[in-house]
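A look at the structure
Okay, here's what each chain looks like letter by letter:
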Amino acid sequence: MSIFQLTKELKQPIYSKPITYSKARPAPFSQLQLHLPILEKNLFEGVIVAEYSLEGILRFAIPAEISGQYIVSLRDDKNNVLAGQANKAKPRVTEVLPWLLKTNEYEVPVMPVGYSLSIHAQTYRTAPGMIGNGMYWLVAILSAMTAWLLIGSWRHTRRRVQAQQALMAETNFRRAMENSILTGMRAMDLKGCITYVNAAFCQMTGWTESELVGRFPPFPYWPEEDIALLNSRLQKELDGNTSTNGLQVRVKRKDGNLFDARLYVSPLVDAVGKQTGWMTSMTDITEPTRIRQQLSAAHDRFTAVLEGLDASVSVAPLGSEELLFANKLYRKWFDPTTQGHLSLVMQAGLPRTTQSTSTELATVGADEDDSDPLAGFPIDDLQEIQSENAEIFLPDLGKWLEVRSRYLNWVDGRLAQIVIATDITPRRQAEEQAQAQAERAQTASRLITMGEMASSVAHELNQPLTAINNYCNGMVSRIKAKKLNEAELITALEKTAHQAQRAGQIIQRIRSFVKRSEPNRTLSSIPQLISEAVELAGIELRRRQVRLSQVIASRLPQVHVDPILIEQVLVNLMRNAAESIDSAQRPFARRQVELKVVPRTEQGVSVIEFSVTDTGSGLAPEVMERLFEAFFSTKAEGMGIGLNLCRSIVESHEGRMQAENLYNASQISGCRFSFWIPAR
Amino acid sequence: MSLIPKKGTVYVVDDDEAVRDSLQWLLEGKDYRVRCFDSAETFLSRYDAREVACLIVDIRMGGMSGLELQDKLIERKSPLPVVFITGHGDVPMAVDTMKKGAMDFIQKPFKEAELVPLVERMLEHAKDAFADHQQAASRDALMSKLTTREAQVLERIVAGRLNKQIADDLGISIKTVEAHRANIMEKLNANTVADLLKTALGQNAAKA
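From a predicted model like this one, the values you see are computed outputs, not experimental measurements.

Overview of the sheet that holds strand S11 (residues 247–252) of chain A
Residues and elements named next belong to chain A. Spatial ordering of the open sheet is given by S10-S9-S13-S12-S11, a layout of five strands whose pairing is antiparallel. At either margin of the open sheet sits one strand with a lone partner, and together these are strand S10 (194–197) and S11. The average undirected angle you get between the axes of adjacent strands in this sheet is 30°. Sheet analysis places strand S12 (residues 258–269) next to strand S13 (residues 275–284), joined by nine bridges and oriented antiparallel. Across the sheet, the residue bridging to Val265 is Thr280, located in S13.

And the structure:
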């Protein structure tokens, strides 16, 4: 036996390896042998063998309280259980959570060393595992819940912050809104104590928030004289008797000014629906009140003006018998029906008719569309301001009326026609009178012209008369001397007759010039009227030894004028020119009047311009200013109607007249009178 | 025209053709020679200054007027008698012409009974005037031969100053004065001082 040998050699007690009797019955068991050498004088004598039962050791060596708690086993180096119980079937949980294993399994190596025996103690799986697991899971669940709560609370916090921010933004927005609105807001509790005022309210009243909040009535912005009234009103308010239209009150500013305000009251309700007070909004209505008053005053004025107008004003929609508006005069002149309106429109031949005639003209040859529901309506844009004037005579009223009409969109959107008829009877009469007067003046002026030209005319007539006289005397003396042959006599007689005709022509021309005639506008040939005028003016020009040069454009159109009147203007201008030259005592070379007639364009209208240029000493500035004034004359015996009349004649022909000095360097070298009349 | 000798020449200046022509007809019927001009300018450039004639001129004319024509003639020392034809209202002008030496003025229309005697009178006057004019012209011709110094001397002789005084006046010697005097007498064809005075004074008179 090796152990025996070993013991013998070593002379020391040696433990054997555990010996397992695995086939022993009823159960396999293990034994441990101890070999104790018997020594005699240090000589090996023999061995005492002691056998230990491992099972027994365990049973007796381990106290019961330990073995009650632990599964104790003795194991060899290969972890084979030699003695005791083994619990090798490990719970699954311990496999999943192996760190728990170490906590309930202990291994202690035991002697003799070298045989790798170890006592293995394992706590009982049953009781301690259940509690431990239960605790573990509890802790785990609690931890999870805690984490969940943490997350939840974090989220909640975040939402709260967001909500807070939103609330802040909203509050700021409200505040800004509240500050920006012009309506004053005031909140009162149920006792009437001011709990809140907004910026606008403070601004309106001039009191600060701190001065107002906490005040009981009477409030400082109440005017003293209204306190009683306002108190009763407030009481009503507090009782809940508020009108939805609000109240109009007077409010006193801190500086003492009063203004009108409108108050609207609504109950203030808290979160649970209980009324906590009253919210009042206040609007400054001073401006609106003023505007309304002004508007109403304007309306009154407008009505007063329309009513007081000395023209009849009526508005009626097209194609209806309804009279939309008629002023007093209309009602006076006509019945308050559309009859008058329509008759005015008809008689005046207002846009409808004029328009339709022009349409007819425009559509000559084209089929007329009778089915057009708008036939007769103006074709142009109806909104366009188009007003037509017509002067008509109403025999019923015995009045001349000037009728103006235009289309307008009535307030209800209907197309209506407004007709304004003005009584122009006095004007008409005055015009007629003025017309007659003007005609008389023109005739008178021509007479005066001729009167002033009398000496020139006499001179002019003297020429043919002298000639006739001479011829006759010559004939007489020749006949007396009997030395007159027939041919000579005939020549002389012919010459005499010619001179008599010449004299007759002069008289005829003067007569036709002076003769009073009705205004007679005809298409006149310019060269013809010029030659008439030149002949007449020539009388004066010759007497004053002034030459006349004419520049007449060829192919002048005919003009629609009263030839006598235009002649009158030309004669006057040429006479004046000659006089001016005469009084300037120009030498013969410079005694020249130029008459120029040319077509040209004046502001897009083609006109014929007549100009008479003299070489006199021009017009002094003060004369220039008053040149066309009536009764202004530079001539000692002048009446001052010549040029004034000339201008009115020209203007009555829709022309213009002007005068200008001509300069040679700084020296006035003459004067130019010109006028133009439209060519058509 | 008839061959009857003419009584004299009448110039007619008028810018009116009919008046001119009829006047010619009238005067020719009275056997005057008539020359017509339509303007003063034509007349001045065309008329024969040597011819004994008279002038009938319209006071108003285009171009040079009758008054201006009269001035020109005076300038030319023309002896031509002038009559103005005036129209109505030209009397103040006519008076002016009379002051300047016009014979007369006649108003249009003319009365033959006035015109013919007037022409007659003018032609009479013209004869004398032309003779005087001739004389004056010849005197002028003589006088123009004198030198400046001789003219000065003659002036003093006419003034009745003695030779000595003349010499003093002009600062020359008496001998020189005498020499000038002799030259003057010779140039003016004067034999005596009386002749000399006559010639010299006639000239001065004409000048005045």
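Observations concerning the sheet that holds strand S8 (residues 117–123) of chain A
Residue and element names in this part refer to chain A. What the four strands build is an open sheet, ordered S6-S5-S8-S7; its pairing is antiparallel. What marks the edges here is a single partner per strand, and that holds for strand S6 (81–84) and strand S7 (105–110). Ignoring which end each strand starts from, the neighbouring axes of this sheet average 25° apart. Sheet topology note: the strand S5 (residues 70–75)/S6 ladder contains three bridges and is antiparallel. From the neighbouring strand, Ser73 faces S6, where its bridge partner is Gly84.

Focus: the confidence of the model for chain B
Low pLDDT means the predicted coordinates in that region are not meant to be read closely. Mean pLDDT over chain B stands at 82; residues scoring 70 or higher make up 93%. The ipTM, which scores confidence in the relative placement of chains, is 0.71 for this predicted complex, and the corresponding pTM is 0.46.

Some thoughts on the nonpolar core
By size, the foremost hydrophobic cluster in this structure holds 45 residues, and its most contacted members are Val569, Leu570, Leu573, Met574, Val593, Cys646 and Ile677 of chain A. Ranked by residues supplied to this core, first place goes to helix H17 (residues 563–583) of chain A with eleven residues. Counting residues in each nonpolar core, the second largest holds 44 residues, with Val10, Leu27, Phe37 and Ile85 of chain B among its members.

Description of the environment of Leu27 of chain B
Residues and elements named next belong to chain B. Following the sequence through the fold, Leu27 ends up in helix H1 (residues 17–29). Take Leu27: there are 25 C-beta atoms within 10 Å of it, and that puts it in the buried class. It is 7.7 Å that separates the C-alpha atoms of Leu27 and Val116, two residues lying 89 residues apart in sequence. Apart from residues no more than four positions distant in its own chain, Leu27 is found in contact with Val10, Tyr32, Val34 and Val119.

Criteria and cut-off values
Residues numbered from 1 in each chain as written. Chains lettered and ligands numbered in written order. Predicted model: local features only at pLDDT ≥ 70, side-chain atom pairs only at ≥ 80, totals over all residues. Pairing = 2+ DSSP bridges. Helix = DSSP H or I, 4+ residues; strand = E, 2+ residues; numbered from the N terminus. Axes fitted to C-alpha atoms, helices over the stretch in contact; angles between N-to-C directions. pLDDT = per-residue confidence, 0-100. Core = buried A, V, L, I, M, F, W, Y, C linked by C-beta atoms within 7 Å. Buried ≥ 20, exposed ≤ 12 C-beta atoms within 10 Å, placed from the backbone. Contact = placed C-beta atoms within 7 Å.

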